[in-house]
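Coordinates in review
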Amino acid sequence: MSRFRFSHEPVDPAPLREELLHPTCGGFASFEGWVRDHNEGQAVTRLEYEAFEQLGLREGEKIIAEACERFGVSRALCVHRLGDLGLREVAVWVGVAAPHRDEAFRACRYIIDEVKHRVPIWKKEHYASGDSGWVNCERCAADAHSHEAHEHAHAHVHD
Amino acid sequence: MSAPLYGLVLAGGRSTRMGSDKAAIRYGDRTQLERAADLLRAVTHETFVSVRPDQVSDPLRARFPQIVDTGDIEGPAAGIHAAQLARPDAAWLVVACDLPYLTAATISHLLAHRDPSRVATAYRSSHDGLPEPLCAVYEPAAGPALQQFLSTGRNCPRKFLINSDTLLLTQPDPETLENVNTPVELALARQRVEPATEKRAIRVQYYALLREQAGRRDESVETAARTPVELFRELSNRHHFTLQPAMLKVAVNAQFQDWTHPLASGDVVVFIPPVAGG
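Next up on the list: the overall build of chain A. Summing up its helical and strand segments, chain A has four helices and nine strands in all. Going from N to C terminus, chain A has its helices and strands arranged as β-α-β-β-β-α-β-β-β-α-β-β-α. Within chain A, buried positions represent 30% of all 159 residues. Look at the contacts in chain A between residues 6 or more apart in sequence, and 75% of them connect residues 24 or more apart.

Before going further, it helps to spend a moment on the pairing of strand β4 (residues 42-51) of chain A. All names here are of chain A. Across two bridges, strand β3 (residues 38-39) lies against β4 in antiparallel orientation. Across the sheet, Asn39 pairs through a bridge with Gln42, a residue of β4. Count of turn residues in the β3/β4 antiparallel hairpin: two residues, of which Glu40 carries a positive phi of about 45°. One ladder, built from seven bridges, connects β4 with strand β8 (residues 121-127); its direction is antiparallel.

In this section: the sheet that holds strand β13 (residues 255-257) of chain B. Residues and elements named next belong to chain B. The five strands are arranged β11-β10-β14-β12-β13 in an open sheet whose pairing can be described as mixed. Two strands bound the open sheet, and with one partner strand each, they are β11 (218-223) and β13. Strand-to-strand twist in this sheet, taken as the mean axis angle between neighbours without regard to direction, amounts to 35°. Along the sheet, helix α9 (residues 228-239) contacts β10 (200-205), β11, β12 (249-252), β13 and β14 (268-272); its crossing angle with β14, the most-contacted strand, is approximately 75°.

Residue and element names in this part refer to chain A. Axis separation between helix α2 (residues 53-71) and helix α3 (residues 101-118) bottoms out at 9 Å; the angle between their running directions is 150°. Comparing their axes, α3 and α2 come out roughly antiparallel. You can see that α2 and α3 cross each other, and the crossing is right-handed. Here Glu59, Gly60, Ile63, Ile64, Ala67, Arg70 and Phe71 of α2 come into contact with α3, specifically with Glu103, Arg106, Ala107, Tyr110, Ile111, Glu114, Val115 and Arg118.

With that settled, the discussion passes to the environment of B:Pro274. Within the secondary structure layout, B:Pro274 lies in the segment after β14. Considered as a pair, B:Pro274 and B:Ala208 are 66 residues apart in the sequence and their alpha carbons are 9.8 Å apart.

This part is about unusual backbone geometry. Residue and element names in this part refer to chain A. In this structure, Glu40 is a non-glycine residue whose phi angle is positive, near 45°. On the secondary structure map, Glu40 appears in the loop between β3 and β4. Even without being a glycine, Asn136 presents a positive backbone phi close to 75°. With respect to the helices and strands, the residue Asn136 is situated in the loop between β9 (132-134) and α4 (138-153). We classify Asn136 as partly exposed; it has 17 C-beta atoms within 10 Å.

This part covers helix α4 (residues 104-112) of chain B. All names here are of chain B. Those residues of α4 not exposed but buried are Thr106, Ile107 and Leu110. Projected down its long axis, α4 shows its buried positions confined to an angular sector of 100°, all on one face. Residues of α4 that are exposed and point more than 90 degrees away from the buried face comprise Ala104, Ala105 and Ala112. If you follow the buried residues of α4, they end up packed against α1 (32-41), β7 (120-124), β8 (131-138) and β9 (166-169).

Right, let's talk about the confidence of the model for chain B for a bit. Across chain B, pLDDT averages 91, with 99% of residues at or above 70. The complex prediction reports pTM at 0.66, with the ipTM value standing at 0.86.

A few words now on the pairing of strand β4 (residues 47-51) of chain B. Residues and elements named next belong to chain B. Along β4, five of the five residues are buried, which leaves the element largely enclosed by surrounding structure. Both faces of β4 are covered, namely the face carrying Thr47, Val49 and Val51 and the face carrying Phe48 and Ser50. Two strands pair when backbone bridges link them, and strand β1 (residues 5-10) and β4 are joined in this way by four bridges, in the parallel orientation. From the neighbouring strand, Gly7 faces β4, where its bridge partner is Thr47. Of the pairings in the sheet, the one linking β4 to strand β5 (residues 66-68) comprises three bridges and is parallel in character. When the bridges of β5 are listed, Ser50 appears paired with Ile67.

Core analysis: the biggest nonpolar cluster contains 65 residues, and A:Ala67, A:Ala107 and A:Ile111 have the highest contact counts within it. Aside from chain neighbours lying at most four places away, what touches A:Ile111 is A:Ile63, A:Ile64, A:Ala67, A:Ala76, A:Cys78 and A:Val94. Judged by nonpolar contacts, the second largest core, of 50 residues, contains B:Val49, B:Ala82, B:Leu110 and B:Phe149.

Quick look at helix α7 (residues 183-193) of chain B now. Residues of α7(B) that are buried: B:Leu186, B:Ala187, B:Leu188, B:Ala189 and B:Arg190. Check the buried side of α7(B) and you find it contacts β2 (26-27) and α9 of chain B.

Here the focus is the interface of chain B and chain A. With 23 residues of chain B in contact, the opposing surface of chain A contributes 29 residues. No other element matches the three residues that helix α6 (residues 157-162) of chain B contributes to the side of chain B that touches chain A. Broken down by class, the residue content of the side of chain B that touches chain A amounts to 15 nonpolar, five polar and three charged.

Reading the values: rules and limits
Counting restarts for each chain: residues are numbered from 1 in the order of the written sequence. Note on labels: chains are lettered from A, ligands numbered from 1, in written order. Since the coordinates come from a predicted model, pLDDT governs what is reported: local features require at least 70, and pairs of side-chain atoms require 80 or more to be given and counted, while whole-chain, interface and lining totals use all residues. Helical segments are the DSSP runs of H or I of at least four residues, strand segments are the runs of E of at least two, and each set is numbered from the N terminus. Residues with at least 20 other C-beta atoms within 10 Å of their own are called buried, those with 12 or fewer are called exposed, and the rest are partly exposed. The C-beta atoms themselves are positioned from the backbone. Here, residues touch in the contact sense if the C-beta positions derived from the backbone fall within 7 Å of one another. DSSP-based pairing: two strands are paired if at least 2 bridges between them are found. The convention used is that axes are lines fitted to C-alpha atoms, helices contributing only their stretch in contact, and that angles between N-to-C directions extend from 0 to 180 degrees. Oblique is the label for any angle not covered by the other classes, which are roughly parallel (under 35 degrees), roughly antiparallel (over 145) and roughly perpendicular (65 to 115). Left-handed describes a crossing whose near helix is turned anticlockwise from the far helix through less than a right angle; right-handed describes the clockwise counterpart. This arc is built from the directions going out from the helix axis to the C-beta atoms. The score called pLDDT rates the predictor's confidence residue by residue, from a low of 0 to a high of 100. A set of buried residues drawn from Ala, Val, Leu, Ile, Met, Phe, Trp, Tyr and Cys, joined through C-beta atoms within 7 Å, is what defines a nonpolar core. When residues are grouped by polarity, Ala, Val, Leu, Ile, Met, Phe, Trp, Tyr, Cys and Pro land in nonpolar, Asp, Glu, Lys and Arg in charged, and all others, Gly among them, in polar.

Structure follows, in structure tokens:
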């Protein structure tokens, strides 16, 4: 089974940890991303995750392969939740087992950081105000507009 | 009486952002350099190509009468200055080679409104209203004036025109002097200036904000777009996307690809908004 997975059901960490248990491993590090009730000053009531699964699975597997290569670990897993999530639910789970703790911590950190930046997953926040927004998309579109106008206005400064 | 008019095509740039020699870029059956030289030949006594010393024997440039940069001036002012030194009594119609939307009509309009009693006649930029120095007529009086300007250590031709007695004209078409510096801009320019090619059948899938703005998860399009950037522009006009290509990535058949990757019928294209996993 692939080491990077999407789940449309709630993520249960216990069986995932079981999968990684191995007699050669003396250390296990895991990271869980949870749904939090606030973001950037707004009260968040729930989240919606969506992914381009075909490409996402491939990119996620690539990240895990990179982590194994880079930190010399062989047992790593990442599961990302999709669909509607309430507060306190697990959005993402990363686990790494290794002979020693140091490489387990480092590989775990690498995987979560790269997944956030590279895997085509999108998050929509729903706010207590009734508003909602795609994280990293709505504001950056607005910023780009003002940035463009700004660039044109100052394309060339002459005395 | 106005001074005889000579043409100068500036083709000495280093094309750093394009990653390949801009003068050699083809639109249809002509290189940009040939296209610009043809436009100038039609309206001048003689047209020259401005080159750096190391470009003299470049096959593309060797076919044209050349004016070689002298001294250690950087940028387009070097070419203009060299031309003025070569023919001090001439007026120079100077044009950059990387203006794919430049037409004979834009040149005629400039010449029809040229005022030989001024130092130069130029168009106003559609972006900031300042002079566009690389599609302009420099009268003989501009020679000594530019020499003086360069001697103070400055070399920006735009700044030279701002500080000179320049007649500024409004462009008949505001996009005519848009230049092309990157492969993405080039793909868009090709779509506009080359005749439409055969249509391709492309499947487009939408996610997240783009899905909401398009009002659908996917659609099939018959399009003349040759690259994802052209396709995005076409779809953006239709669906009013708020995201710009610079903020997106693109996947073709579930692989990340460049914005200028050639599209083929049957391809599945996904535009990827900024991601936010975790």
